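The residues making up each chain are set out below.
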Amino acid sequence: MTSLPCDDTSVAVYDSERGILSNIVSSQLIHVQFGGVYPEIAAREHTKNFLPVLDKAIKDANISLDKIDAVACTFMPGLIVSLVVGVSAAKSLSFSLNKPIIPVHHIEAHIFANFLVKEIEYPFIALVVSGGHTELVLVKDFEKYVYLGGTLDDAVGEVFDKVARAMDLGFPGGPIIDKLAKQGKEVIKFPRPLINEKGENRFNFSFSGLKTAVIKEIRKGIYSKEDIAASFQSAIIETLLKKTIDACKEFNVSKVVIAGGVSANSKLREEVSKIKDVEFYYPPLYLCTDNAAMVAYTGYKRFLKYKKGFGLSFESKAKCRIDRFPELLRNFHS
Ligand code: KG4
Ligand code: ZN
């Protein structure tokens, strides 16, 4: 029920029969002035926000805390100082209520946010696009993940944020660029990094060169912000979708689940609607960016599978690939 991987404090209550009963997200607007997340401030804000957010989630769900059957929390990957606050809060809750605790991987939660709307049949390719991650994963089943590739440098959302900062547009930059690009045209052909790469880098991404090219163009001051936004966004989307479709072909999969904050992008959604032979899924807008409903639901799936909690000894980790964490769960059993 809790989710604190970076700068959002969130608590949700999920009921297996009635669905999401509440999903409170408190975003730390304090970081806007810095154009990025300041770790120490993020941790302090989480500490301050957790109890009021928990209180509101319980009130909105119209239940009492003793009606909670289990507590799920994000334990990896993410900003370690934020994860530590979230895991400590969830462990305290689990201990005081004497209810099982279930650790959830952040990327896994983004993927399964899609299941809150509709169960999706396996196998599928997950295109994970967020502020911290850009990954392609073959999802064979719950906890059966094959990592196909990811970014070698910047994540997609991070590039949206940095380009927006270079244009003095505010933070987070993704939604602002999305809106601005609607009024622009693709007049600049920015590089599509690694797009036709074969071999081991075929499913990897690299966006830092594209970011530098866009920032150089901004500084030249020739084109409007709208045209730069539209041109930059096209380069990103074409690269993401080319590799996603390549993965579908190589693994003979016809479903793609888009996950993470950038899945809210309207141009990305428009482009996937034009693709035939592959079915695309993406979450409703309120489940795209970080939220605890996706964590609560993934925790519920894990609880159904193991029928028990995982003890209080597990710790948060800043990094751990989605395909590697299910084996860690075995060491956590209570
Ligand atoms: O998944 P998320 O909430 O946090 C992480 O786990 O990183 O993703 C946040 C990212 C930010 O970089 C934000 O700019 C981006 O998602 N984002 C978007 C849009 N809405 C949010 N990027 C492009 N277009 C959008 N509409
Ligand atoms: Zn996220």
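Residues numbered from 1 in each chain as written. Chains lettered and ligands numbered in written order. Predicted model: local features only at pLDDT ≥ 70, side-chain atom pairs only at ≥ 80, totals over all residues. Heavy atoms only, no water.

Caption draft 1: Structural detail: the overall build of the protein chain. For the protein chain, the count of helices and strands is ten helices and ten strands. In terms of overall size, the protein chain behaves like a compact globule, its C-alpha atoms giving a radius of gyration of 20 Å where 334 residues would be expected to give roughly 20 Å. Looking at the protein chain as a whole, 54% of its 334 residues are labelled buried. For the protein chain, the share of sequence-separated contacts (at least 6 apart) that also reach a separation of at least 24 residues comes to 72%. Summing over all exposed atoms, the protein chain offers an accessible surface of approximately 14,900 Å²; the carbon and sulfur share of this is 52%. For the protein chain, the distance from the average position of its 43 positive side-chain charges to the average position of its 39 negative side-chain charges is 1 Å. (Helix = DSSP H or I, 4+ residues; strand = E, 2+ residues; numbered from the N terminus. Rg over C-alpha atoms; globule rule 2.2 N^0.38 Å. Buried < 20%, exposed > 50% of the residue type's maximum accessible area, 1.4 Å probe, protein only. Contact = heavy atoms within 4.5 Å. Areas by Shrake-Rupley, 256 points an atom, 1.4 Å probe, with all protein chains shown as cover. Lys, Arg positive; Asp, Glu negative; His and termini not counted. Charge placed at Lys NZ, Arg CZ, Asp CG, Glu CD.)

Caption draft 2: Spotlight on the sheet that holds strand β7 (residues 134-141). Ordered by their spatial adjacency, five strands build an open sheet running β8-β7-β6-β9-β10, and the pairing between neighbours is mixed. At either end of the open sheet lies a strand with only one pairing partner, and these are β8 (144-150) and β10 (279-281). Across this sheet, the average inter-strand angle for adjacent strands is 25°, counted without regard to direction. With six bridges joining them, β7 and β8 adopt antiparallel strand pairing. Bridging across to β8, Asp-141 finds its partner in Lys-144. (Pairing = 2+ DSSP bridges. Axes fitted to C-alpha atoms, helices over the stretch in contact; angles between N-to-C directions.)

Caption draft 3: Quick peek at helix α9 (residues 292-306). For α9, built from 15 residues, the straight-helix expectation of 21 Å at 1.5 Å per residue is met to within 8% by its first-to-last C-alpha distance of 21 Å. Among all positions of α9, only Ala-292, Ala-293, Met-294, Val-295, Ala-296, Tyr-297, Thr-298, Gly-299, Lys-301 and Arg-302 are buried. Positive backbone phi, approximately 60°, marks Lys-307, located one or two places after α9. (Expected span 1.5 Å × (residues − 1).)

Caption draft 4: Focus on the nonpolar core. Grouped together as the largest cluster of nonpolar side chains are 53 residues, with contacts concentrated most on Ile-111, Phe-124, Tyr-145 and Phe-325. A total of six residues in this core trace back to one element, the largest contributor, which is helix α1 (residues 39-61). Residue contributions to this core reach at least three from each of two domains, namely domain 1 (2-110 + 288-332) and domain 2 (120-282). Discounting chain neighbours no more than four positions away, the residues touching Phe-124 are Ile-111, Phe-115, Val-137, Leu-138, Val-139, Val-253, Lys-255 and Val-257. Judged by nonpolar contacts, the second largest core, of 43 residues, contains Ile-188, Phe-203, Ile-236 and Val-278. (Core = buried A, V, L, I, M, F, W, Y, C linked by side-chain atoms within 4.5 Å. Domains from an automatic or database assignment.)

Caption draft 5: Structural view of the packing of helix α5 (residues 173-181) against helix α7 (residues 225-250). Put simply, α5 and α7 touch, their axes get as near as 8 Å, and they point 110° apart. Looking at the two axes, α5 sits roughly perpendicular to α7. Taking contact as the criterion, the partners of Ile-177, Asp-178, Leu-180 and Ala-181 in α5 are, on α7, Lys-225, Glu-226, Ala-229, Ala-230, Phe-232 and Gln-233. Taken together, the residues that form the contact of α5 with α7 break down as six nonpolar, one polar and three charged. (Parallel < 35°, antiparallel > 145°, perpendicular 65-115°, else oblique. Nonpolar A, V, L, I, M, F, W, Y, C, P; charged D, E, K, R; others polar.)

Caption draft 6: Local environment of the environment of Arg-165. Mapped onto the secondary structure, Arg-165 falls in helix α4 (residues 156-166). For Arg-165 and Ile-215, which are 50 residues apart along the polypeptide, the C-alpha to C-alpha distance reads 9.6 Å.

Caption draft 7: Representation of the site of ligand 1 in the model. Around ligand 1, a shell composed of 20 residues is seen, among which Gly-131, Asp-161, Gly-174, Asp-178 and Asp-290 lie nearest. With respect to ligand 1, the side chain of His-110 contributes an N or O atom lying 3.0 Å from an oxygen atom. At the level of secondary structure, the elements contributing two or more residues to the shell around ligand 1 comprise α3 (106-112), α4 and α5. Sort the elements by how many residues they give to the shell around ligand 1 and α5 lands first, with four residues. The class makeup of the residues in the shell around ligand 1 is five nonpolar, twelve polar and three charged. Here the shell around ligand 1 spans two domains, since at least three of its residues come from each of domain 1 (2-110 + 288-332) and domain 2 (120-282). (Near = heavy atom within 4 Å. Polar contact = N/O pair within 3.5 Å; in protein donor to acceptor, adjacent residues only side chain to side chain.)

Note that all results are geometric; they support no functional claim without further evidence.
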